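These are the residues of each chain, in order.
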Amino acid sequence: MTPDDAWTWAPAVLIALPGYWLLYVWRWRTVRARHGHRGATGARLAAFTGALLALAVALISPVDRLGEQMFSWHMAQHILLLDVAPILFYLGLSKVLLRPVTARLQGVERAIGPLAHPAFAVLLYGGMLWTWHIPAMYELALRNAEAHVAQHLLFVTTGLIFWGHVFSPIRSRFPLRGPSVGAYMGGAKFVTGVLASAIAFSPVGFYGFYGDQPRMWGLTAGEDQQLAGAMMMTWELIVMTSAFALLFVRMLADSEREEQRRERFELGVPYGAAGVADELGL
């Protein structure tokens, strides 16, 4: 049977995503005019644009419609919402771009107390995935439009919280340094890896909803579930490898900036000038 691969064109998404992009571009151009390319690079603009495109692909492209017919496409949608869009979102930000809201965000972090700790983010990330893959919860999202929207919002929010501890340019009260980064990401990905293995290697189908759907591209319901689990396991490997590579590059850049700050201090550069340079990522 030929799948339904129509675009969904959700009005809220069609309004929100261009609005976010225009707001970002306005701020990006303002920073670029005042501070030059170091405060707002083309790469950051591309990353933020990519984050919004990832959300568009997940929410209004045929991926959304196909996810209602095949488990593997639904898994692809969840990967975009939980990991791809949040990672690109943070890669599009910098200290100077966030300067107008930095104090407010730090105030929110202080207000929520222990919920801002990385351990909570790991529990939230793993718990959210496991909860929504409980058959009753998963099928609720497939059969109820409001529950499906709630699932997507929770996935995006969870992704932003989890990846914020890794990539946010705003310094946290609970910074991840050295081995703690590996423990943080490894803990979350281990929990999700167990879920992915259960999905991929289970001899029985977990979700009756997909068993009732017409077969697409010659895949049985069991093969579709195995493909979804394999996608999840493969993505976990890709995202961990890529994230560690990015973090290694950032660590080298931070080390170089620290060395430059020491050199400026030795040369007698005023602290205020050095502080501004650091804020701009110099």
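Residues numbered from 1 in each chain as written. Predicted model: local features only at pLDDT ≥ 70, side-chain atom pairs only at ≥ 80, totals over all residues. Heavy atoms only, no water.

### Section: the overall build of the protein chain
Along the protein chain, the regular secondary structure elements total twelve helices and zero strands. Along the chain direction, N to C, the helices and strands of the protein chain fall in the order α-α-α-α-α-α-α-α-α-α-α-α. The principal-axis extent of the C-alpha atoms belonging to the protein chain is close to 75 × 40 × 35 Å. The contacts of the protein chain with a sequence gap of at least 6 include a subset with a gap of at least 24, amounting to 80%. (Helix = DSSP H or I, 4+ residues; strand = E, 2+ residues; numbered from the N terminus. Contact = heavy atoms within 4.5 Å.)

### A look at a nonpolar patch on the surface
A surface patch of nonpolar side chains, amounting to about 360 Å² of accessible area, comprises W130, F190, V191 and V194. Per-element accounting of the nonpolar patch gives the leading share, three residues, to helix α9 (residues 179-201). Here F190 lies in helix α9. Assessed through its relative accessible area of 59%, F190 is described here as exposed. (Patch = residues over 30% accessible without salt bridge, like charges linked within 9 Å, V, L, I, M, F, W, Y side chains within 5 Å. Areas by Shrake-Rupley, 256 points an atom, 1.4 Å probe, with all protein chains shown as cover. Salt bridge = Lys/Arg side-chain N within 4 Å of Asp/Glu carboxyl O. Buried < 20%, exposed > 50% of the residue type's maximum accessible area, 1.4 Å probe, protein only.)

### Focus on the nonpolar core
Among the nonpolar cores identified, the biggest contains 64 residues, and F71, W163, V166, F167, Y184 and M185 are the most heavily contacted of them. With ten residues, helix α4 (residues 71-91) is the largest single contributor of residues to this core. (Core = buried A, V, L, I, M, F, W, Y, C linked by side-chain atoms within 4.5 Å.)

### Some details on α4
Taking 1.5 Å as the rise per residue, α4 with 21 residues should run 30 Å; its terminal C-alpha atoms sit 29 Å apart, in good agreement. At L80, α4 shows its maximal kink, close to 40 degrees. In terms of residue burial, α4 counts as a mostly covered element, since 17 of its 21 residues are buried. (Expected span 1.5 Å × (residues − 1). Bend = angle between axes of the 7 residues up to and from the residue.)

### Quick look at the packing of helix α2 (residues 42-59) against α4
Interaxial distance between α2 and α4 falls to 7 Å at its minimum, and their mutual angle equals 165 degrees. With respect to α4, the element α2 is oriented roughly antiparallel. For the pair α2 and α4, the sense of crossing is left-handed. Residues R44, A47, F48, G50, A51, A54, L55, V57, A58 and L59 of α2 touch α4, and the partners they reach there are Q77, L80, L81, V84, A85, L88, F89 and L91. Here the residues of the contact of α2 with α4 are counted per class, giving 15 nonpolar, two polar and one charged. (Axes fitted to C-alpha atoms, helices over the stretch in contact; angles between N-to-C directions. Parallel < 35°, antiparallel > 145°, perpendicular 65-115°, else oblique. Left-handed = near helix turned anticlockwise from the far one by under 90°. Nonpolar A, V, L, I, M, F, W, Y, C, P; charged D, E, K, R; others polar.)

### Focus: the side chain of T102
Along the chain, the position of T102 falls in helix α5 (residues 99-112). Given a relative accessible area of 19%, T102 falls into the buried group. A polar atom in the side chain of T102 sits 2.8 Å from the backbone oxygen of L98. Those residues in contact with T102 that lie beyond four places of it in its chain are K95 and I170. (Polar contact = N/O pair within 3.5 Å; in protein donor to acceptor, adjacent residues only side chain to side chain.)

### Focus on the confidence of the model for the protein chain
When pLDDT is averaged along the protein chain, the result is 87; 94% of the residues meet or exceed 70. Under a pLDDT of 50 for its full length, residues 271-282 has, in the predicted model, 18 contacts with residues more than four places off or in other chains. (pLDDT = per-residue confidence, 0-100.)

### Observations regarding the environment of G186
With respect to the secondary-structure elements, G186 resides in helix α9. Distance in space between the C-alpha atoms of G186 and M240 is 8.1 Å, their sequence separation being 54 residues.

### Quick look at unusual backbone geometry
Positive phi values are uncommon outside glycine, yet W9 reaches one of about 55 degrees. Structurally, W9 can be placed in the segment before α1 (11-35). According to the relative accessible area criterion, W9 is partly exposed, its value standing at 49%. Even without being a glycine, W217 presents a positive backbone phi close to 55 degrees. Within the secondary structure, W217 sits in the loop between α10 (208-211) and α11 (221-266).

### What about the packing of aromatic side chains?
Inspection of every chain in the model, using the stated rule, returns 16 aromatic pairs. Arranged with centres 5.6 Å apart and planes meeting at 15 degrees, the rings of F71 and Y210 form a pair that is stacked. In this pair, F71 is assigned in helix α4 and Y210 in helix α10, connecting sequence segments 139 residues apart. What makes F71 buried here is its relative accessible area of 2%. Exposure remark for Y210: the relative accessible area of 3% places this residue in the buried category. (Phe/Tyr/Trp six-rings, centres within 6.5 Å; stacked < 30°, edge-to-face > 60°.)

### Things to note about the pattern of salt bridges
According to the stated counting rule, one finds five salt bridges in the structure shown. With a closest N to O distance of 3.7 Å, K189 and D83 form a salt bridge. Highlighted residues: K189 in helix α9 and D83 in helix α4, separated in sequence by 106 residues. You'll find K189 and D83 in the same group, each marked buried. For E236, the salt bridge identified is with K189, shortest N-O distance 3.1 Å. In this pair, E236 sits in helix α11 while K189 sits in helix α9, placing the two residues 47 residues apart along the sequence. Looking at E236, the relative accessible area reads 8%, which means it is buried. Residue K189 is classed as buried on the basis of its relative accessible area, which comes to 4%. Counted as one network, the salt bridges with shared partners bring together D83, K189 and E236.

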